[in-house]
Amino acid sequence: MSIFYNDKQRSFRLDAKDTSYMMKYTEEGYLCHVYYGKKVPDEDLGYLLRFDESPRTPLENNRDRATFLDTTPFEYSCFGIGDYREAAFKILDDKGMTAVDLRYKSHRIYKGKPELEGMPATFATDESGCETLEITMEDKPSGLEAVLVYTAFDKLDVITRSVRVNNVGSRSIQLTRVLSACIDFDTDKFDMITLNGSWARERAVERCRLHHGKQLIDSIKGESSHQNNPFVALCDNNTDEDRGEVFGFNFVYSGNFFAQAEVTQHKKTRFVMGINPLDFTWLLEPGETFTAPEVVMVHSDEGLGKMSRTFHDLYRGNLIRGEYKDKRRPILINNWEATYFNFDTEKIISIAREASKLGIEMLVMDDGWFGHRDSDNSSLGDWFVYEKKIQGGLKYLVDEVNKLGMKFGLWFEPEMISPDSDLYRAHPDWAIQIEGRPLTMSREQYVLDYSNKDVRDYIYSMMRKILDSANIEYIKWDMNRQFTEIGSNFLPANRQRELWHRYVLGVYDVMNRLTTDYPHILLENCSGGGARFDPGMLYYSPQIWCSDDTDAIERLKIQHGTSMCYPCSAMGAHVSDCPNHTVGRNTPFRTRGHVAMVGTFGYELDVTRIPQEDRDSIPAQIEEFNKYNTLVRTGDHYRIGNVFEDNTWDAWMFVSKDKTDALLEFVQVLARPNERSRRIKLKGLDPDAYYYEESEPDRKISGAALMNAGINIAKIWGADGISGDFASKILHFIKT
Ligand code: DGJ
């Protein structure tokens, strides 16, 4: 049992593995947050609420009620009743009023974890031992009920939250803000860690100290975005990779989001996370329900590393689904950086032929195979084969690739429409638009109105025709622009502001149909690189393209940041050609392989044209990937270096769950003079066990020595004996 209710004290306690979370409601029904942190055995920590300290008394009509409302830690803050901190919940009622006052009505506790209708969410398994608490709060004047849903995971330090709003009254109410989580911490001594960036620079780790006022990240682009990932960690000022307390929050959603930490007048911190309230309203008619997406909350008292490993375990076990959930992914070669739009059947087959000889297992044909697409200025929406390029048709091409012993994968961008397309000529009204305003072009394309089921049905039926026409075993689902002129030709005026969220639900609907109808297809998400690397997408696709930046050195940062909350098994990572197409850097082929090995692994180059030496090294590189892939995919990940702080080196480890097998990867970013070796302390080993490095079987070193004293990694010299920049090394430790 992990959820406890004490009737006398009116208190709730949720226990995850080593975490407790407590709430209590007052006689008047205010639901107050009491505690979140390391596990405690007590049933009631209500004294923390300081109700006995004047003037904080909740009594109705008491002169100090306003003080109570603006200072008490609330579990789900409401707008307009005297709590001037950030509201989690706000409405616009049929009389134009915005105040709302949710009070405790009832609760229920049950085993397992409910699904969120039409939306991704983590799930319980037989092993995960989940228990759920639903607290129903009511606002009698509006007739609204908000059901706060909490699930505690027995074997992980994870608690999830979401909210269901029911209109049980008789009035039409506009919801103008339904955030998914609100937590009032009794301190302001926090650093806020976020993952920020841009195209080709996704998820850079940024850390800043909280100060009075509001510090927020958000997206209003229609997707989770390159710029801000829906992840926040709040940690003690002295928390580092291995020590200190941290609370990690990740939003299981792929559209506009909002996450904010607010330091209040009394030096407390209110954290909120949910769908971005900017430009959001949802009309809730009597009898209707609105569901807000899930927030995953992870607590760690052993630094950021443990927080990340908890997220990784949760997502690998309780979010990612499908045939490839626990399987090694086929080693693919993608033709995007090899050819861009300039390819035909013969070129694709020539790449596949060469790749198959080297041990590559799947050919992925990227953008440009449909409609009459020779550049990015046409054909999105025309999901039929471009016969001029794909001579002989798709089935012929796929069969030829299959004959080489390779699987075949295909690129789609199902959410978009080009003005130069048959689809746009037939249905110009299917683009998201506002009548009377010019439509803003981005990458020469518009966004399809996925709130409209006809649009979704049509696009999906076109995709099905393609998928049924040949043996396609992988799909790359891309999405390459952000939203403007947010209007739908199919929604009434009073539901137009629902478009943002209805769009995301529409995308989830098609992804759900696709993964249900084609369970054997491996789906990889992508959005102009990594603009939609979020847990919502992971529910449908076990891997996501990390970034269009394939440079091994840039990838150190991108993959380090991504690993904050996403497992390496989900990171789309490829070896590409040099000079790198994004940054023009030359790096050793071997280093490119070692960095891509952290993720799903594959190639993104014209294998018929790369230097012979590189081509010759591919079979051994693949062998190395295969040797370590189970460890990388299923083991515990430890960050050792931090390229955001020291850009001269990086290192990380994977350690098997039973601690018998460990891989250390090291990259010497910039070689430094007068430094013959670098001391690295290993992590995650069994201190009492002895290990040897595979190349030195006779030298046994204790786990304690490897972790506390470390090892010396000798400086790596380049082939010329002078330079050593961007060189890499891997060391394999095996328990004796
Ligand atoms: C953006 C993706 O990130 C690339 O990998 C590639 O698929 C292009 N789109 C194709 O247009």
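All values derive from a computational prediction rather than experimental measurement.

Participant: Break down the overall build of the chain for me, citing the residues and quoting the values.
Facilitator: Looking only at helices and strands, the chain features 13 helices and 38 strands. The proportion of buried residues among the 736 residues of the chain is 62%. By sequence separation, contacts in the chain at least 24 residues apart represent 69% of the contacts at least 6 residues apart. As presented, the chain carries roughly 26,700 Å² of accessible surface, and 49% of it is formed by carbon and sulfur atoms. Across the chain, the mean location of the 90 positive side-chain charges is 2 Å away from that of the 113 negative side-chain charges.

Participant: Give a description of the pairing of strand 35 (residues 690-693) that names residues and reports values.
Facilitator: The two faces of a sheet get side chains in turn, since along a regular strand they alternate between them. Side chains of strand 35 alternate between two faces, with Tyr691 and Glu693 buried and Tyr690 and Tyr692 left unburied. Two elements, strand 35 and strand 36 (residues 700-702), share three bridges in a ladder whose sense is antiparallel. Residue pairing for strand 36: tyrosine 692 is matched across the bridge by lysine 700. Counting the residues in the hairpin turn of strand 35 and strand 36 gives six residues. Pairing geometry for strand 35 and strand 38 (residues 727-735), over three bridges, is antiparallel. Pairing of tyrosine 691 across the sheet is with lysine 735, part of strand 38.

Participant: Can you break down the packing of helix 7 (residues 453-469) against helix 8 (residues 499-517) residue by residue, with the values?
Facilitator: Put simply, helix 7 and helix 8 touch, their axes get as near as 10 Å, and they point 30° apart. One finds that helix 7 runs roughly parallel with respect to helix 8. Taken as a pair, helix 7 and helix 8 cross one another with a handedness that is right-handed. On helix 8, the residues touching Lys453, Arg456, Asp457, Tyr460, Met463, Arg464 and Leu467 of helix 7 are Gly506, Asp509, Val510, Arg513, Leu514 and Asp517. Here the residues of the contact of helix 7 with helix 8 sort into five nonpolar, one polar and seven charged.

Participant: Can you tell me about the nonpolar core, naming the residues and giving the values?
Facilitator: Counting residues in hydrophobic clusters, the biggest one holds 194 residues, and the most contacted among them are Met365, Trp369 and Tyr603. Considering each element in turn, this core owes the most residues, nine residues, to helix 8. Ignoring anything within four residues of it in the chain, the contact list for tyrosine 603 reads Ile331, Leu332, Ile333, Asn334, Ile360, His574, Val575, Phe589, Ile618, Gln621 and Ile622. Of all hydrophobic cores here, the second largest spans 22 residues; its members include Ile640, Ala651, Ile711 and Ile713.

Participant: Tell me about helix 8, and name the residues and values.
Facilitator: Its 19 residues place the ends of helix 8 26 Å apart at the C-alpha level, agreeing with the 27 Å of an ideal helix rising 1.5 Å per residue. All of the buried residues in helix 8 are Leu499, Trp500, His501, Tyr503, Val504, Gly506, Val507, Tyr508, Val510, Met511 and Leu514.

Participant: Talk me through the pattern of salt bridges; I want residue IDs and the actual numbers.
Facilitator: Under the criterion given, the structure shown has 66 salt bridges. The partner of glutamate 134 in a salt bridge is arginine 108, with the nearest N and O atoms 3.6 Å apart. Of this pair, glutamate 134 sits in strand 7 (residues 130-139) while arginine 108 sits in strand 6 (residues 103-111), and the two are 26 residues apart along the sequence. Judged by its relative accessible area of 5%, glutamate 134 is buried. Accessibility expressed as a relative area gives 46% for arginine 108, which makes it partly exposed. Arginine 513 is the partner of aspartate 457 in a salt bridge, and the nearest nitrogen-oxygen pair spans 2.9 Å. In this pair, aspartate 457 sits in helix 7 while arginine 513 sits in helix 8, placing the two residues 56 residues apart along the sequence. A single network of salt bridges, built from pairs that share partners, joins Lys453, Arg456, Asp457, Asp509 and Arg513.

Participant: Account for the environment of phenylalanine 341, with residues named and values stated.
Facilitator: For phenylalanine 341, the position within the fold is in the loop between helix 3 (336-339) and helix 4 (345-358). Expressed as a C-alpha distance, the spacing of phenylalanine 341 and tyrosine 386, which sit 45 residues apart in the sequence, is 12 Å.

Participant: Give a detailed account of the pairing of strand 31 (residues 636-639), specifying residues and quantitative values.
Facilitator: Side chains of strand 31 alternate between two faces, with Asp636 and Tyr638 and His637 and Arg639 buried alike. In terms of strand pairing, strand 31 meets strand 32 (residues 649-655) through four bridges, oriented antiparallel. When the bridges of strand 32 are listed, aspartate 636 appears paired with valine 655.

Participant: How would you explain the side chain of aspartate 188 if you had to name every residue and give the values?
Facilitator: The topology assignment puts aspartate 188 in the loop between strand 10 (173-185) and strand 11 (190-196). Of the residues examined, aspartate 188 reaches a relative accessible area of 12% and is grouped as buried. Ignoring sequence-local partners within four residues, the contact set of aspartate 188 consists of Leu210, Val263, Lys267 and Thr269.

Participant: Before we move on, can you summarise the state of the cysteines with the specific residues and values?
Facilitator: In total, this model carries zero disulfides according to the counting rule given. Lacking any disulfide linkage, cysteine 32 is separated from the closest cysteine sulfur, that of cysteine 182, by 11 Å.

Participant: Could you give an account of the sheet that holds strand 9 (residues 158-167), naming the residues involved and the relevant values?
Facilitator: Pairing in this open sheet of nine strands is antiparallel, and the strands run 6-7-8-9-19-15-14-11-12 from one edge to the other. Unpaired on one side and paired on the other, strand 6 and strand 12 (204-209) mark the two borders of the sheet. Neighbour to neighbour, the strand axes of the sheet diverge by 20° on average, direction disregarded. Pairing geometry for strand 9 and strand 19 (residues 289-300), over eight bridges, is antiparallel. Residue pairing across strands places asparagine 166 opposite threonine 289, the latter belonging to strand 19.

Participant: So what about the site of the ligand? Which residues, and what values?
Facilitator: What surrounds the ligand is a group of 13 residues, the closest being Asp366, Asp367, Lys476, Asp478 and Asp548. A distance of 3.1 Å separates an oxygen atom of the ligand from a polar atom in the side chain of tryptophan 411. Protein chains bury 98% of the 290 Å² of accessible surface belonging to the ligand in isolation. Broken down by class, the residue content of the shell around the ligand amounts to four nonpolar, three polar and six charged.

Participant: Please provide a residue-by-residue account of the packing of helix 4 against helix 5 (residues 393-403), values included.
Facilitator: Between helix 4 and helix 5, the shortest axis-to-axis distance is 10 Å and the interhelical angle comes to 15°. With respect to helix 5, the axis of helix 4 lies roughly parallel. Pair helix 4 / helix 5 crosses with right-handed handedness. Each of Thr345, Ile348, Ile349 and Ala352 in helix 4 lies in contact with helix 5, whose residues at this interface are Tyr396, Leu397, Glu400 and Val401. Partitioned by chemical class, the residues of the contact of helix 4 with helix 5 number six nonpolar, one polar and one charged.

About the criteria used
- Residues numbered from 1 in each chain as written.
- Predicted model: local features only at pLDDT ≥ 70, side-chain atom pairs only at ≥ 80, totals over all residues.
- Heavy atoms only, no water.
- Helix = DSSP H or I, 4+ residues; strand = E, 2+ residues; numbered from the N terminus.
- Buried < 20%, exposed > 50% of the residue type's maximum accessible area, 1.4 Å probe, protein only.
- Contact = heavy atoms within 4.5 Å.
- Areas by Shrake-Rupley, 256 points an atom, 1.4 Å probe, with all protein chains shown as cover.
- Lys, Arg positive; Asp, Glu negative; His and termini not counted.
- Charge placed at Lys NZ, Arg CZ, Asp CG, Glu CD.
- Pairing = 2+ DSSP bridges.
- Axes fitted to C-alpha atoms, helices over the stretch in contact; angles between N-to-C directions.
- Parallel < 35°, antiparallel > 145°, perpendicular 65-115°, else oblique.
- Left-handed = near helix turned anticlockwise from the far one by under 90°.
- Nonpolar A, V, L, I, M, F, W, Y, C, P; charged D, E, K, R; others polar.
- Core = buried A, V, L, I, M, F, W, Y, C linked by side-chain atoms within 4.5 Å.
- Expected span 1.5 Å × (residues − 1).
- Salt bridge = Lys/Arg side-chain N within 4 Å of Asp/Glu carboxyl O.
- Disulfide = S-S within 2.5 Å.
- Near = heavy atom within 4 Å.
- Polar contact = N/O pair within 3.5 Å; in protein donor to acceptor, adjacent residues only side chain to side chain.

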